[in-house]
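# Geometric and topological summary
Now for the letters of each chain:
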Amino acid sequence: MVEMLVEAQNLRRVYQRGENSVVAVDSATFAITSGARIALMGPSGSGKSTLLYLMGGLDTPTSGKIAWTALGDRKSLRPQKIAFVFQMPSLLAPLNVVENVALPLLLGNIEPYVARKAAMEVLERIGLSAIADKMPEELSGGQAQRVAVARALVYRPRLILADEPTGQLDRSTAKLLLDVLLATLEGTDTALVVATHDRAVAERLDSLWYVRHGNLLTSSNKQLALGN
Ligand SMILES: Nc1ncnc2c1ncn2[C@@H]1O[C@H](COP(=O)(O)OP(=O)(O)OP(=O)(O)O)[C@@H](O)[C@H]1O
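Quick summary incoming for the structure in this document. (Residues numbered from 1 in each chain as written. Predicted model: local features only at pLDDT ≥ 70, side-chain atom pairs only at ≥ 80, totals over all residues.)

### Focus: helix α4 (residues 141-153)
For clarity, the threshold we go by: Under the DSSP-based scheme used, a helix requires at least four consecutive residues in state H or I and a strand at least two consecutive residues in state E, with every element numbered from the N terminus. Here, expected helix span is obtained from the residue count minus one, scaled by 1.5 Å. Any residue whose C-beta has 12 or fewer other C-beta atoms within 10 Å is treated as exposed, any with 20 or more as buried, and any in between as partly exposed, C-beta atoms being built from the backbone.
In a regular helix each residue adds 1.5 Å, so 13 residues correspond to 18 Å; α4 covers 19 Å between its end C-alpha atoms and thus fits that length. Along α4, ten of the 13 residues are buried, which leaves the element largely enclosed by surrounding structure.

Below is the structure:
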């Protein structure tokens, strides 16, 4: 059954910078359904990150409506139902890999033993169990980013929002990261939205949404904005 995870109408987000206001998102109307695989493309500064934050309830719109229809209210979204992956690996330096992956569960008051076991299972699934005891500073950029993906997956979220997850990686490491993410999500109804400048990433997803000057064009037709 396809479920409506996020529904938004006429979202607008204006940032106030002193006397000036910046319209980061001008008008966005969209729906994210379970199982969707969406690429969010657009020039730098067009509003992609702001849109992801709005989708995940990390930010609130200046006007317009957003509802997490099948997920519940904003306060209940993270980390269980919606997980973020950011461009810079955001691992906590004093914790080793398995502790970093287990962290969302620990913050959700899951028993440490159960959290560690679940974290080890995700690390195994994505081929990282050998580095479970390493500290973040010992990891390559690609490994750190895959650990961040593991951490996003540990709660089996309904929606993953990834902001330029391959932005700091070389081409082959970026491909590996996406391979891991898509393979792990295959057969699940977890939805995925990836903000990216990389066409190779966008081409592997089912829908392409394009943002320009804060305006969102949603489409399932990738050809449209890829111009092929
Ligand atoms: N906290 C903030 N305060 C003020 N202005 C902001 C803030 N966050 C973003 N902006 C502005 O809003 C606009 C959209 O920014 P956003 O980061 O959403 O774009 P983006 O498409 O993700 O860019 P990039 O591809 O470079 O990451 C930009 O003009 C940016 O400078």
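### Observations concerning the nonpolar core
Spelled out, the test is: Buried Ala, Val, Leu, Ile, Met, Phe, Trp, Tyr and Cys residues form a nonpolar core when they are connected through C-beta atoms within 7 Å. A residue pair is marked as a contact if its C-beta atoms, positioned from the backbone, fall within 7 Å.
Among the nonpolar cores identified, the biggest contains 66 residues, and Ala39, Leu40, Val101 and Val193 are the most heavily contacted of them. The dominant element in this core, judged by the number of residues it contributes, is α4, at seven residues. Once residues lying within four places of it in the same chain are set aside, the contact partners of Leu40 are Lys48, Leu51, Val193, Val194, Ala195, Trp209 and Val211.

### Remarks on the site of the ligand
Note the threshold: Nearness here has a simple definition: the residue's C-beta atom, placed using the backbone, must lie within 6 Å of the molecule or strand. Residue polarity is assigned by list, with Asp, Glu, Lys and Arg as charged and Ala, Val, Leu, Ile, Met, Phe, Trp, Tyr, Cys and Pro as nonpolar; anything else, Gly included, falls into the polar class.
The environment of the ligand is formed by Tyr15, Arg17, Val22, Ala24, Gly42, Ser44, Gly45, Ser46, Gly47, Lys48, Ser49 and Thr50. Of all the secondary-structure elements, those providing two or more residues to the shell around the ligand are β1 (4-17), β2 (20-33) and α1 (48-55). In terms of residue count, α1 provides more of the shell around the ligand than any other element does, three residues in total. Within the shell around the ligand, the residues separate by chemical class into three nonpolar, seven polar and two charged.

### A word on unusual backbone geometry
Unusually for a residue other than glycine, Arg156 sits at a positive phi of about 50°. Its place among the elements puts Arg156 in the loop between α4 and β6 (159-163). Despite not being glycine, Glu164 has its phi angle at roughly 50°, a positive value. Locating Glu164 in the fold gives a position in the loop between β6 and α5 (171-185). For Glu164, a count of 21 C-beta atoms within 10 Å puts it in the buried group.

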